[in-house]
Amino acid sequence: MNLVSLRPILLMLSGFLGASGVALAAAASHGGDTRLLGNASTMCLAHAPVILALCLGHRMLRTALPAGAVLALGTLVFAGDLVWRHLEQASLFPMAAPLGGLLMIAGWLFVAAGAFFRHGND
């Protein structure tokens, strides 16, 4: 799979994560123990615009699309686990939240690594 073919998927995930972040924030504001929903909302709303920016700037940062893919996957796993824990009082799968967190950290490190990889038009 060509990395540029990831762009439409990442753009869709960016929109999905942004919408999910808003919906989760609304759900978290309606009483009960909604700490997990609030944390999931924060992760979605923090990473959705970054993934969008990485898609838009993929020609300027060689690691943008892999970074966006890893950030999107990590956010989906992390936030998904928090939402599942809220709804079912059980983990999505063993170590889901830590795995999602590690993937998000790795995604940000891909962004940082972009400083050391030149594009052909530089």
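This section reports on the structure supplied with the text. Please read all numbers here as calculations on a predicted model, not as lab measurements.

Structurally, the position occupied by threonine 63 is in the loop between α2 (35-56) and α3 (64-88). Judged by its relative accessible area of 7%, threonine 63 is buried. In terms of polar contacts, threonine 63 uses its side chain to reach the backbone amide nitrogen of glycine 114, at 3.4 Å.

Moving on to the packing of α3 against helix α4 (residues 96-113). The interhelical angle for the contact between α3 and α4, taken along N-to-C directions, is 160 degrees, at an axis separation of 7 Å. Regarding the angle of α3 to α4, the classification is roughly antiparallel. Considering the relative orientation of α3 and α4, their crossing is left-handed. Where α3 abuts α4, its residues Pro66, Ala67, Val70, Leu71, Leu73, Gly74, Thr75, Val77, Phe78 and Asp81 lie against Ala96, Ala97, Gly100, Gly101, Leu103, Met104, Ala106, Gly107, Trp108, Phe110 and Val111. Class assignment of the residues belonging to the contact of α3 with α4 gives a composition of 15 nonpolar, 5 polar and 1 charged.

Moving on to the side chain of threonine 34. The residue threonine 34 is located in the loop between α1 (7-28) and α2 in this model. Threonine 34 sits in the buried class, given a relative accessible area of 13%. Threonine 34 has contacts with Ala27, Ala28 and His86, leaving out every residue within four places of it along the chain.

Moving on, we come to the pattern of salt bridges. Opposite charge on two side chains allows them to pair when their charged atoms are near. The tally for this structure, following the rule as stated, stands at 1 salt bridge. Across the pair aspartate 81 and arginine 85 runs a salt bridge whose closest N-O atoms are separated by 2.7 Å. Here arginine 85 and aspartate 81 lie together in helix α3, a separation of 4 residues that amounts to about one turn.

All right, on to the nonpolar core then. As a rule of thumb, soluble globular proteins bury nonpolar side chains together. Among the nonpolar cores identified, the biggest contains 24 residues, and Leu10, Ile51, Leu54 and Leu71 are the most heavily contacted of them. Put simply, the parts of the chain that give this core at least two residues each are α1, α2, α3 and α4. Looking at this core element by element, the count peaks at 9 residues for α2. In contact with leucine 71, not counting residues within four places along its chain, are His47, Val50, Ile51, Leu54, Met104, Gly107 and Trp108.

A separate point is the environment of serine 29. Mapped onto the secondary structure, serine 29 falls in the loop between α1 and α2. Judged by relative accessible area, which is 55%, serine 29 ranks as exposed. At a separation of 2.7 Å, a polar atom in the side chain of serine 29 contacts the main-chain carbonyl oxygen of alanine 26.

For the rest of this paragraph, the subject is unusual backbone geometry. In this model, glutamine 89 sits at a positive phi of 55 degrees, which is unusual for a non-glycine residue. Checked against the element boundaries, glutamine 89 lands in the loop between α3 and α4. Taking relative accessible area as the criterion, glutamine 89 reaches 64% and is therefore assigned exposed. One non-glycine residue with positive phi stands out, namely methionine 95, at about 65 degrees. Overall, methionine 95 belongs to the exposed group, its relative accessible area being 58%.

Cut-offs used in this document
- Residues numbered from 1 in each chain as written.
- Predicted model: local features only at pLDDT ≥ 70, side-chain atom pairs only at ≥ 80, totals over all residues.
- Heavy atoms only, no water.
- Helix = DSSP H or I, 4+ residues; strand = E, 2+ residues; numbered from the N terminus.
- Buried < 20%, exposed > 50% of the residue type's maximum accessible area, 1.4 Å probe, protein only.
- Polar contact = N/O pair within 3.5 Å; in protein donor to acceptor, adjacent residues only side chain to side chain.
- Axes fitted to C-alpha atoms, helices over the stretch in contact; angles between N-to-C directions.
- Parallel < 35°, antiparallel > 145°, perpendicular 65-115°, else oblique.
- Left-handed = near helix turned anticlockwise from the far one by under 90°.
- Contact = heavy atoms within 4.5 Å.
- Nonpolar A, V, L, I, M, F, W, Y, C, P; charged D, E, K, R; others polar.
- Salt bridge = Lys/Arg side-chain N within 4 Å of Asp/Glu carboxyl O.
- Core = buried A, V, L, I, M, F, W, Y, C linked by side-chain atoms within 4.5 Å.

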